[in-house]
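Summary of structural features
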Amino acid sequence: AHPHRAVPTMAKFLTVEAIVRRRPRSAYQHKRPSTMRDSSGQYAFMAVAAVLALASTGIGADARRPPTQLMLNRRYLAGAGAGEHLLHVSPSASSSALRIPRGGTAHSLPPNPPPIDETAAAEAARVAAIRAAEEKAAAAAQQAAAAASSASAVEAAQAPPPTKDHTRNLSAKLSNAWERTVPAVLMLGAATALLKFTGTKGLIALVLALQVGMYHETTSIIEAFHQRSDPGSADLKKLNWLDAVEKWWWFATVLVGTSGRNLLGAAASSAGGVSTEALNLICYGMVAVGLVGAVVGMEMHSHSGPEMFRDYLGGVAACNFVLVFLVGQSSFWIKTVLDYGLPWVLYPALLVIVNDTMAYVFGLTMGRNKLLPRLSPKKTVEGFAGALVSTVGVSVPLLRLVLGKSIAEGEEKLYVRLALTLGVFISLVSPFGGFLASAVKRAHGAKDFGTLIPGHGGVVDRFDCQIVTAPFVYLLLKFFGLGGVADAGAAA
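All figures in this text were calculated on a predicted structure; none of them were measured in a lab.

Definitions and limits used
Residues numbered from 1 in each chain as written. Predicted model: local features only at pLDDT ≥ 70, side-chain atom pairs only at ≥ 80, totals over all residues. Heavy atoms only, no water. Helix = DSSP H or I, 4+ residues; strand = E, 2+ residues; numbered from the N terminus. Buried < 20%, exposed > 50% of the residue type's maximum accessible area, 1.4 Å probe, protein only. Contact = heavy atoms within 4.5 Å. Areas by Shrake-Rupley, 256 points an atom, 1.4 Å probe, with all protein chains shown as cover. Axes fitted to C-alpha atoms, helices over the stretch in contact; angles between N-to-C directions. Parallel < 35°, antiparallel > 145°, perpendicular 65-115°, else oblique. Left-handed = near helix turned anticlockwise from the far one by under 90°. Nonpolar A, V, L, I, M, F, W, Y, C, P; charged D, E, K, R; others polar. Core = buried A, V, L, I, M, F, W, Y, C linked by side-chain atoms within 4.5 Å. Phe/Tyr/Trp six-rings, centres within 6.5 Å; stacked < 30°, edge-to-face > 60°. Salt bridge = Lys/Arg side-chain N within 4 Å of Asp/Glu carboxyl O. pLDDT = per-residue confidence, 0-100. Patch = residues over 30% accessible without salt bridge, like charges linked within 9 Å, V, L, I, M, F, W, Y side chains within 5 Å. Lys, Arg positive; Asp, Glu negative; His and termini not counted. Charge placed at Lys NZ, Arg CZ, Asp CG, Glu CD. Expected span 1.5 Å × (residues − 1). Bend = angle between axes of the 7 residues up to and from the residue.

**Some details on the overall build of the chain**
In terms of regular secondary structure, the chain is built from 17 helices and four strands. A buried classification covers 33% of the 492 residues belonging to the chain. Of all intrachain contacts in the chain linking residues separated by at least 6 positions in sequence, the fraction that spans at least 24 positions is 74%. With an accessible surface of roughly 29,200 Å², the chain has 66% of that area assigned to carbon and sulfur atoms.

**Re the environment of threonine 391**
For threonine 391, the location among the structural elements is in helix 13 (residues 381-403). Under the relative-accessibility criterion, threonine 391 is labelled buried at 0%. C-alpha separation for the pair threonine 391 and phenylalanine 425, spaced 34 residues apart in sequence, amounts to 9.9 Å. When neighbours within four sequence positions are excluded, threonine 391 is seen to be in contact with Leu351, Val354, Asn355, Gly423, Ile426 and Ser427.

**Focus: the packing of helix 15 (residues 431-443) against helix 16 (residues 459-480)**
Running from N to C, helix 15 and helix 16 cross one another at 135°; their axes reach a closest spacing of 7 Å. Viewed along their axes, helix 15 and helix 16 adopt a mutual orientation that is oblique. The hand of the helix 15/helix 16 crossing is right-handed. On the side of helix 15, the interface is formed by Pro431, Gly433, Gly434, Ala437 and Lys441, while helix 16 contributes Val460, Asp461, Asp464, Cys465 and Val468. A class-by-class count of the residues in the contact of helix 15 with helix 16 yields five nonpolar, two polar and three charged.

**Points about the nonpolar core**
Note that soluble globular proteins tend to have their nonpolar side chains buried in a common cluster. Residues Leu203, Met214, Leu326 and Trp333 are the most contacted members of the largest nonpolar core, which totals 33 residues. Secondary structure elements with two or more residues in this core: helix 7 (200-229), helix 9 (240-271), helix 11 (306-339), helix 15 and helix 16. The element that contributes the greatest number of residues to this core is helix 11, accounting for ten residues. Among residues more than four places away in sequence, those in contact with leucine 203 are Leu195, Val337, Leu342 and Val345. Leu403, Leu422, Ile426 and Leu477 belong to the second largest nonpolar core, which has 23 residues in total.

**Overview of the packing of aromatic side chains**
What the rule picks out here adds up to twelve aromatic pairs. Relative to phenylalanine 251, the ring of tryptophan 248 lies with its centre 5.4 Å away and its plane at 80°, an arrangement referred to as edge-to-face. You can see tryptophan 248 and its partner phenylalanine 251 sitting in helix 9, three residues apart, about one turn around the helix. A residue is classified by how much of its surface remains accessible, and phenylalanine 251, at 6% relative accessible area, is buried. Taken together through their ring pairs, the aromatic side chains of Tyr215, Trp248 and Phe251 make up a single cluster.

**Details of the pattern of salt bridges**
Should their charged atoms come close, side chains of opposite charge can pair. Enumeration over the complete set of coordinates arrives at five salt bridges. Glutamate 412 is the partner of arginine 400 in a salt bridge, and the nearest nitrogen-oxygen pair spans 3.0 Å. One end of the pair, arginine 400, is in helix 13; the other, glutamate 412, is in helix 14 (residues 412-428), with twelve residues separating them in the sequence. Beyond isolated ion pairs, a larger network of salt bridges with shared partners links Lys441, Asp448 and Asp461.

**A look at the confidence of the model for the chain**
Across the chain, pLDDT averages 73, with 64% of residues at or above 70. In the model, residues 3-39 has pLDDT below 50 throughout and makes 50 contacts with residues more than four positions away in sequence or in other chains. pLDDT under 50 marks residues 486-492. Its contacts with residues more than four places away, or in other chains, come to zero contacts.

**Considerations on the packing of helix 12 (residues 343-366) against helix 14**
Close contact between helix 12 and helix 14 brings their axes to 10 Å; oriented N to C, the two are set at 45°. One element, helix 12, and the other, helix 14, form an angle in the oblique class. Seen from above, helix 12 lies across helix 14 with right-handed handedness. Contact residues: Trp344, Tyr347, Pro348, Leu351, Val352 and Asn355 in helix 12; Tyr415, Leu418, Ala419, Leu422, Gly423, Ile426 and Ser427 in helix 14. In terms of residue class, the contact of helix 12 with helix 14 is built from ten nonpolar, three polar and no charged.

**A few points about a positive patch on the surface**
On the surface, Lys378, Lys379, Arg442 and Lys447 cluster together into a patch of positive charge. Structurally, lysine 378 can be placed in strand 4 (residues 376-380).

**Remarks on a nonpolar patch on the surface**
A cluster of nonpolar residues, Val292, Val296 and Met300, forms a patch on the protein surface that exposes about 240 Å² of accessible area. Topologically, valine 296 is positioned in helix 10 (residues 276-302).

**Looking at helix 11**
In this model, helix 11 (34 residues) spans 49 Å end to end at C-alpha, consistent with the 50 Å of a helix rising 1.5 Å per residue. A bend of about 25° at leucine 323 is the largest found in helix 11. A positive phi of about 100° marks glycine 341, the residue just after helix 11.

**Description of the environment of valine 394**
With respect to the helices, strands and loops of the structure, valine 394 is situated in helix 13. Since its relative accessible area comes to 28%, valine 394 is described here as partly exposed. Remark: the alpha-carbon pair of valine 394 and leucine 420, spanning 26 residues in sequence, is separated by 9.1 Å. Excluding residues within four positions of it along the chain, valine 394 makes contact with Leu351 and Val354.

Structure below.
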């Protein structure tokens, strides 16, 4: 059907069959008939094959091929131990270039083929070995991954359901909540009974007792921390009495200047006692005495070495901070109850209790993200947000419940604004009083300020948020211009 394709194929086949491997006559005379000893027939056959190969290079699509190279392996045709001869046929070759003499190959052909490049062969073998190793490693990795996935699946199937751990943690949290709830209810009942039977005087006595307890707890953990840093110092033991006198002198000075000033001022205005000017002079005199004693104490501690001197200065600074933060702010309870009555102390205190309780509930049930993990690890963002919504939502109904008929008809909107303002402040600012207390505890290596209240710790642990609220309540009542106790008595 296509002679221009069949002729080249036949020519190549005849060329392969026609080329004779040159051997000595003794190598094949015994294998071939005597008719083959005459090489003239062989040369004629070879010439015909070469002419056909030459003609095939110019037929049809094969005319575009380069010169043909045919390499015949004598080993393949005549057995092992033979070499190779290369026949190069060019389209422009003449018939004389195709003559192969009796003693060897044509002069235009090299007697031997080019040598095999052993370096390239070795490189090819190395690449093949690397590929095989990579494929083997990939197969091993797949098998290992499959085994690991199956093992993890088995472990997951054999592992207990996570609901057990969650239930165990939830039961522990509920137990902790019960331990906190019972003492809180008992304290609230005792405070209610005290205020019901004693009124304003009972509240003032309670505030003074709380100030003493909070100051003692905070200074105790500070002193314990510095004693642990240098427990074997004999000089420190000799100076303990001086430090105790100085510590409580500063407490008395601040107490007289804050709570005592309010109490003595009220007594002076009602009974004509000590005047305000005299109270100011007394307070400053106590500050002057404390200043002299502090400098003398510095001199005495400086002889005990630089480490003890620095510890002493650190303790003095911490005690003064405690006086300002605890005693100074809590004195506003006394001022509020004297100027505006007992309900304006109870109402903010109840709002703080609601905020603290709801923060605990929301943190227990929904807490996932820590708010301040270094200072207070148990406080969560969810608890903080839930307490904000709950406190603001309950602020107005709780105010109406506490004040009752004391709210006049035209002042209802004013009291609503006041209640919402208190709710927002108690939710956003008051909790940071607790964070500050936690920072002081952790800075001095203490878990709680004390052990007076089971499940809560010490007095500071329970009233840290209340202390921050006390000054704001008094200042807010002043800002809104609400009538105080004196105004109510005059109206009556």
